[in-house]
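Each chain, letter by letter, is given below.
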Amino acid sequence: MKPIIEFCVSNLASGAYKAMEQLEKDPNLDIVEYDCLSYCGICSSDLFALVNGEVVTASSIEELVANIYQYLDEHPMF
């Protein structure tokens, strides 16, 4: 089972799209985008993604990608 990274379309439009593009190159991740993830407060102020259901935030694209991989390292699925 691969880790699931979920993105909100609104946050993608705010800049997270470039992070998603980078993560899509990793064959060990499942990337999903939704119309809304119901984290509007976070979505309006930061870049974010849900990683296996947990919110991971950042202020830049590079930081978001790094934070996602850090989260995955710190919280292995098995």
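Our structure is the block above this text.
The structure reproduced in this document is the subject of the present report. (Residues numbered from 1 in each chain as written. Predicted model: local features only at pLDDT ≥ 70, side-chain atom pairs only at ≥ 80, totals over all residues. Heavy atoms only, no water.)

1. Considering the packing of aromatic side chains
Defined as follows: Stacked, edge-to-face and tilted labels apply to pairs of Phe, Tyr and Trp rings (six-membered ring for Trp) whose centres lie within 6.5 Å, assigned for plane angles under 30 degrees, over 60, and everything in between, in that order. Note on classification: 1.4 Å probe, protein chains only; a residue is buried when its accessible area is under 20% of the maximum for its type, exposed when over 50%, partly exposed between these limits.
For the structure on display, the rule yields one aromatic pair. When the centroid spacing of 6.0 Å and the interplanar angle of 55° are considered together, the rings of Tyr39 and Phe48 count as tilted. We classify Tyr39 as partly exposed; its relative accessible area is 31%.

2. Describing the nonpolar core
Selection rule: Here the nonpolar core consists of buried residues drawn from Ala, Val, Leu, Ile, Met, Phe, Trp, Tyr and Cys, with membership extended through side-chain atoms lying within 4.5 Å. Secondary structure elements follow DSSP: runs of H or I no shorter than four residues count as helices, runs of E no shorter than two count as strands, and numbering proceeds from the N terminus. Contacts are residue-level and defined by heavy atoms, with any inter-residue pair within 4.5 Å sufficient.
One finds Ile5, Phe7, Leu23, Val51, Leu64 and Ile68 to be the most contacted residues of the largest nonpolar core, which totals 19 residues. Taken together, the elements giving at least two residues each to this core come down to β1 (4–8), α1 (9–24), β3 (47–51), β4 (54–58) and α3 (61–74). At six residues, the largest contribution of residues to this core is made by α3. Ile68 has contacts with Ile5, Phe7, Leu23, Ala49, Val51 and Val56, leaving out every residue within four places of it along the chain. One finds Cys8, Leu37, Cys43 and Phe48 within the second-largest nonpolar core, a separate group that totals five residues.

3. Observations concerning α3
So the rule is basically this: To estimate the expected span of a helix, subtract one from its residue number and multiply by 1.5 Å. It is the directions from the helix axis to the C-beta atoms that the arc portrays.
Taking 1.5 Å per residue as the helical rise, α3 with its 14 residues ought to reach 20 Å, and the 20 Å between its terminal C-alpha atoms agrees with that figure. Considered for burial, the residues of α3 that qualify are Ile61, Leu64, Val65, Ile68, Tyr71 and Leu72. For α3, the angular spread of the buried residues around the axis is 125°, confining them to a single face. Along α3, the residues that are exposed and aim more than 90 degrees away from the buried face are Glu62, Asp73 and Glu74. In this structure, the buried side of α3 is in contact with β1, α1, β3 and β4.

4. A short note on a nonpolar patch on the surface
Heads up, the rule is: Like charges are joined within 9 Å and nonpolar side chains (Val, Leu, Ile, Met, Phe, Trp, Tyr) within 5 Å, but only among residues with over 30% relative accessible area and no salt bridge; these make up the patches. Reported accessibility uses the Shrake-Rupley method at a 1.4 Å probe radius. Residues are deemed covered only where the shown protein chains occlude them. Here a salt bridge means any side-chain nitrogen of Lys or Arg lying within 4 Å of a carboxyl oxygen belonging to Asp or Glu.
On the surface, a cluster of nonpolar side chains totalling about 300 Å² of accessible area is made up of Met1, Ile4 and Met77. Among the structural elements, Ile4 can be located in strand β1.

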